[in-house]
Amino acid sequence: MARNKHPEETVNRIIDVAFRLFMEKGYEHTPIQDIIDKLGGLSKGAIYHHFKSKEDILVAVIDRMTAESNRILADIRDRADLSGMEKLRAIFRESINRPVQDDIFTVAPDFCNNPKLLFGLLHDTIDHAAPEYILPIIRQGIKDGSIETDYPEQLAELILLAANVWMNPMIFDSSEEESYRKYMVFGQMMKSFGLDVVDSEMLKRLEELTVIYQKSKRQGNA
C-alpha cells in the first residue's frame, strides 16, 4: 500500500467529516462506517491508522472545538489588570458562555457507556485544566488577598470536578430542575469558600445547555 504523503490532511478530513455527522446524528448514532462512507474512498484501515477508535475521533473533534476557547481562558489567566477573584469570576463566565459549548452539548456522547471518555475528562480536569488555568489564579488570589485558602491545589481540583463533572448533565443525564438544584448548591459551596463567582446569568446559560443536551438525546433516541 502506498505511503500517505499527507497524513495531517487525512486526519483533518476525518475530523471534519466526523464533526458534521456527530452534529447531524449525534455521537452515539454515528457508526464508524458512516464516517468512512463520507470520506470518498478512504478505507477503514486508513482511519484506524490514525485513530484507534471512534472515541479517539471524538476526542480529536472536541480538542479542535475547544482549542480557541482554551486560548481565551489562558488570556484571562494572564491578565495583569484583574485580581485573582476577578479572574476566577471571568474564567467561569467565559467557560460557560463560549459558543462552542452549544456544539459540545449537541455531539455529547453517553459518558455512562463510554468509561474511556469519562476517564479522559477526569484526567484532563485534574492533570491539565485545574493546574493550567485555575491553580495559578488561586495562587494569585492568595497573594493579592482576594482568595483565602491553605490548600490551593486541592481547591482548584474540587472546583473543576464539581463544575465539569458533578454539574455536567452529559454525565448524570440531569434534567433542567436537577441542573438548577446542583447549580444552587455549587454556588453555596463556592460562597462558603469566600468565592462569590457565580450568578443568575450563568444559571440561565447552564439551563440552556441542559436543554440542548436533552433535545439532542431525544432526537437520537427517536
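Since we're looking at a predicted model, the values are computed, not measured.

A few words on the overall build of the chain. Check the secondary structure of the chain and you find 11 helices and zero strands. From first element to last, N terminus to C terminus, the chain shows the α and β order α-α-α-α-α-α-α-α-α-α-α. Its C-alpha atoms put the chain at 65 × 40 × 25 Å along the principal axes. Looking at the 222 residues of the chain, the share that counts as buried comes to 43%. Residue pairs in contact within the chain that sit at least 24 positions apart in sequence constitute 68% of those at least 6 positions apart. When the accessible surface of the chain is totalled, it reaches about 12200 Å², and 53% of it is carbon and sulfur. Between the mean site of the 28 positive side-chain charges and the mean site of the 36 negative ones, the chain shows a separation of 5 Å.

This brings us to unusual backbone geometry. The phi torsion at Asp173 lies on the positive side, around 55°, for a residue other than glycine. Counting through the fold element by element, Asp173 comes out in the loop between helix 9 (169-172) and helix 10 (176-192). Given the relative accessible area of 33%, Asp173 is considered partly exposed.

Here we take up the packing of helix 4 (residues 54-77) against helix 5 (residues 84-97). One way to put it is that helix 4 packs onto helix 5 with a least axis distance of 9 Å and a crossing angle of 165°. Relative to helix 5, the element helix 4 is oriented roughly antiparallel. The chirality of how helix 4 crosses helix 5 is right-handed. Across the interface between the two elements, Ile72, Leu73, Ile76 and Arg77 from helix 4 touch Lys87, Ala90, Ile91, Glu94 and Ser95 from helix 5. Classifying every residue of the contact of helix 4 with helix 5 gives five nonpolar, one polar and three charged.

For helix 1 (residues 7-25), spanning 19 residues, the distance from its first C-alpha to its last is 27 Å, which sits close to the expected 27 Å at 1.5 Å a residue. Elements that come into contact with the buried residues of helix 1 comprise helix 2 (32-37), helix 3 (44-50), helix 4 and helix 6 (100-106). Backbone geometry just after helix 1 places Gly26 at a positive phi near 90°.

Time to look at the nonpolar core. Within the largest apolar cluster, 64 residues are counted, with the highest numbers of intra-cluster contacts made by Ile35, Ile57 and Phe92. Sequence-distant contacts of Ile35, defined by excluding residues within four places in its chain, comprise Val17, Ala18, Leu21, Phe22, Thr30, Ile47 and Ile57.

What follows is about the packing of helix 5 against helix 7 (residues 115-144). In a packed pair of helices, the relevant descriptors are the angle between the two axes and the axis-to-axis distance. For the pair helix 5 and helix 7, interaxial distance at closest approach is 7 Å and the crossing angle is 150°. Our classification of the angle between helix 5 and helix 7 gives roughly antiparallel. Within the contact between the two elements, helix 5 uses Gly84, Lys87, Leu88 and Ile91 and helix 7 uses Tyr133, Ile134, Ile137, Gln140, Gly141 and Asp144. Here the residues of the contact of helix 5 with helix 7 are counted per class, giving five nonpolar, three polar and two charged.

Conventions and cut-offs
- Residues numbered from 1 in each chain as written.
- Predicted model: local features only at pLDDT ≥ 70, side-chain atom pairs only at ≥ 80, totals over all residues.
- Heavy atoms only, no water.
- Helix = DSSP H or I, 4+ residues; strand = E, 2+ residues; numbered from the N terminus.
- Buried < 20%, exposed > 50% of the residue type's maximum accessible area, 1.4 Å probe, protein only.
- Contact = heavy atoms within 4.5 Å.
- Areas by Shrake-Rupley, 256 points an atom, 1.4 Å probe, with all protein chains shown as cover.
- Lys, Arg positive; Asp, Glu negative; His and termini not counted.
- Charge placed at Lys NZ, Arg CZ, Asp CG, Glu CD.
- Axes fitted to C-alpha atoms, helices over the stretch in contact; angles between N-to-C directions.
- Parallel < 35°, antiparallel > 145°, perpendicular 65-115°, else oblique.
- Left-handed = near helix turned anticlockwise from the far one by under 90°.
- Nonpolar A, V, L, I, M, F, W, Y, C, P; charged D, E, K, R; others polar.
- Expected span 1.5 Å × (residues − 1).
- Core = buried A, V, L, I, M, F, W, Y, C linked by side-chain atoms within 4.5 Å.

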